[in-house]
Amino acid sequence: MKLSKFINFCIFTTFFSVLYVYQQSEIFRLAYMAQKRQAMFQELLDKNTLLRYNIEANASLVRIGSRLSQNQDYEIPANYQLVKLAYPLENLKVNTRAPKKENLIARIFSIKREAQAKTINP
């Protein structure tokens, strides 16, 4: 083997060896960057979950009720207490028609609708 072929072979092998090492180091560098971004993303998700929990805790009915009970001038009326609103006489309208009477068949086959509340579970 001539010396020039040997030197060309060494240069060629060294070039591809350096290229391979550079490629592997870039793979590890990118993997570390992805892992760092994943950790940062997980931290942001944890903060988001904590903030959502705080919002739900602060907006809960128990917390709102405790805040209202701290206010001394707020009172929830009992069942027997009534509130009467006085309207001016000119705004009142009098219904002159007699209420519609239902016959027996209409009452038996009539369907009465009721409003039902359903909870939404997120």
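Preceding this paragraph is the structure being described.
Okay, so let's go over this structure.

How each quantity is defined
- Residues numbered from 1 in each chain as written.
- Predicted model: local features only at pLDDT ≥ 70, side-chain atom pairs only at ≥ 80, totals over all residues.
- Heavy atoms only, no water.
- Phe/Tyr/Trp six-rings, centres within 6.5 Å; stacked < 30°, edge-to-face > 60°.
- Helix = DSSP H or I, 4+ residues; strand = E, 2+ residues; numbered from the N terminus.
- Buried < 20%, exposed > 50% of the residue type's maximum accessible area, 1.4 Å probe, protein only.
- Salt bridge = Lys/Arg side-chain N within 4 Å of Asp/Glu carboxyl O.

**Description of the packing of aromatic side chains**
How two aromatic rings sit relative to each other is set out by the distance from centre to centre and by the angle between their planes.
Line of reasoning, step 1. Under the defined criterion, the tally for this structure stands at two aromatic pairs.
Line of reasoning, step 2. With centroids separated by 4.6 Å and ring planes inclined at 75°, the aromatic side chains of Phe12 and Phe16 adopt a geometry described as edge-to-face. Here Phe12 and its partner Phe16 are both found in helix H1 (residues 3-58), four residues apart, which amounts to about one turn of the helix.
Line of reasoning, step 3. A relative accessible area of 40% means that Phe16 is categorised as partly exposed.

**Examining the pattern of salt bridges**
Oppositely charged side chains can pair when the atoms bearing their charge come close.
Line of reasoning, step 1. If you walk through the whole model with that rule in mind, you get two salt bridges.
Line of reasoning, step 2. Among the ionic pairs, Glu26 bridges to Arg29, the shortest N-O distance being 2.8 Å. Separated by three residues within a single helix, Glu26 and Arg29 lie in helix H1, roughly one turn from each other.
Line of reasoning, step 3. Since its relative accessible area comes to 40%, Arg29 is described here as partly exposed.

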